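The residues making up each chain are set out below.
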Amino acid sequence: MKTLIPQILILSLLLTLPLSAQAPAAAGAPREFKDLLKHIPSKDFLKLRGNSKSDAAMAMSKDITAKELRQESTFRMEVGKIEAWPFPEDGISGWRIRCQDETVKQGSLVITVSAWAYVRQDPDGVIPKLKIGKDVIVSGKISRADLTATDKPTLNIDLNASSIKVEK
């Protein structure tokens with residue numbers, strides 16, 4: 001009986017591993033940029049290669065915007081650029097952070113990601129610590145989420161940041 005107990009424990013651990021690997025991400029966990037495209041049928045992405053790619057991008061953008069605009073989200077971003085940015089409607093100056101060039105694959109199609117985080121205030125003093133190439137976790141409301149395809153397909157994302165944390 002003593003030799004059976006360790007085997008049962010090991011077996012129970014092995015049986016639970018696949019279930020825990022499929023568990024959903026914790027609330028507030030960073031999303032991937034490709035998550036914004038998951039509502040679009042994969043066959044629609046083929047339309048981003050033809051002569052009517054701008055029209056296809058516009059139609060797909062309606063779906064993305066309907067699902068994502070004004071939603072609270074968290075993304076992991078690699079800092080590509082930081083610059084001062086005015087917010088005249090609030091009468092303040094803040095910053096905007098551009099995500100380092102990134103791409104998302106949908107089948108054989110490569111979509112460029114253009115993501116900006118707009119920061120109105122920095123209560124934790126994170127902005128002075130940021131350097132190009134540094135990973136940050138940015139949370140806030142999505143103010144733009146769409147596809148453009150004038151030259152090559154681009155996923156455009158703007159996030160009004162409410163929180164920024166430097167990734168360790």
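For the structure, check the block above.
Small disclaimer: the values here were computed from a predicted structure and weren't measured. (Residues numbered from 1 in each chain as written. Predicted model: local features only at pLDDT ≥ 70, side-chain atom pairs only at ≥ 80, totals over all residues. Heavy atoms only, no water.)

### A word on the overall build of the protein chain
Where we set the bar: In DSSP terms, a helix is any run of H or I states spanning at least four residues, a strand is any run of E spanning at least two, and both are numbered starting from the N terminus. Throughout this description, buried means an accessible area under 20% of the type-specific maximum (1.4 Å probe, protein chains only), exposed means over 50%, and partly exposed covers the range between. Residues are treated as being in contact if the distance between any of their heavy atoms lies within 4.5 Å. Using the Shrake-Rupley algorithm and a 1.4 Å probe, accessible areas are obtained, with residue cover drawn only from the displayed protein chains.
When helices and strands are counted, the protein chain shows 2 helices and 6 strands. Across the protein chain, helices and strands are ordered from the amino to the carboxyl terminus as α-α-β-β-β-β-β-β. Taking all 168 residues of the protein chain together, 35% fall into the buried category. Within the protein chain, contacts between residues at least 6 apart in sequence are counted, and of these 65% link residues at least 24 apart. As displayed, the protein chain offers around 10700 Å² of accessible surface, 56% of which is attributable to carbon and sulfur atoms.

### A closer look at the packing of aromatic side chains
Applicable threshold: Classification of ring pairs uses Phe, Tyr and Trp, with its six-membered ring standing for Trp, and accepts pairs whose centres are within 6.5 Å; under 30 degrees between planes counts as stacked, over 60 as edge-to-face, and the remaining range as tilted. In our convention, an over-ring charge means Lys NZ or Arg CZ found within 6 Å of a ring centre and within 35 degrees of that ring's normal.
Evaluation of the coordinates by the stated rule reveals 2 aromatic pairs. Considering the side-chain rings of Phe-33 and Phe-75, the 5.1 Å spacing of their centres and the 20 degrees angle between planes classify their relative orientation as stacked. On the criterion of sequence distance, the pair formed by Phe-33 in the loop between helix H1 (4-21) and helix H2 (53-68) and Phe-75 in strand S1 (residues 72-87) is long-range, its members being 42 residues apart. In this structure, Phe-33 and Phe-75 share a single accessibility class: buried. Sitting over the ring of Trp-85, Arg-96 keeps its end group 3.8 Å from the ring centre. The lysine or arginine in question, Arg-96, covers the ring of Trp-116, its NZ or CZ lying 3.8 Å from the ring centre.

### Considering the nonpolar core
Put simply, the test is: Residues belong to a common nonpolar core when they are buried Ala, Val, Leu, Ile, Met, Phe, Trp, Tyr or Cys residues joined through side-chain atoms within 4.5 Å.
Counting residues in hydrophobic clusters, the biggest one holds 36 residues, and the most contacted among them are Phe-33, Leu-48, Leu-147 and Ile-164. Secondary structure elements with two or more residues in this core: H2, S1, strand S2 (92-99), strand S4 (109-119), strand S5 (135-148) and strand S6 (154-166). Among the elements that line this core, the one with the most residues is S4, at 6 residues. Excluding its chain neighbours within four sequence positions, the residues that come into contact with Ile-164 are Ile-97, Val-119, Val-126, Ile-127, Val-136, Ile-137 and Val-138.

### A closer look at the pattern of salt bridges
To keep it simple, the criterion reads: By convention in these notes, a salt bridge is any Lys or Arg side-chain nitrogen within 4 Å of a carboxyl oxygen on Asp or Glu.
This structure, assessed with the given rule, holds 10 salt bridges. In this structure, Lys-81 engages Glu-83 in a salt bridge whose closest nitrogen and oxygen atoms are separated by 3.3 Å. Classification of Lys-81 as partly exposed rests on a relative accessible area of 40%. Between Glu-89 and Arg-120 there is a salt bridge, and its shortest N-O distance comes to 2.9 Å. With Glu-89 in the loop between S1 and S2 and Arg-120 in the loop between S4 and S5, this pair connects stretches of sequence that are 31 residues apart. Here Arg-120 falls in the partly exposed class, since its relative accessible area comes to 26%. By sharing partners, the salt bridges in this structure join Lys-43, Asp-44 and Lys-47 into a single network.

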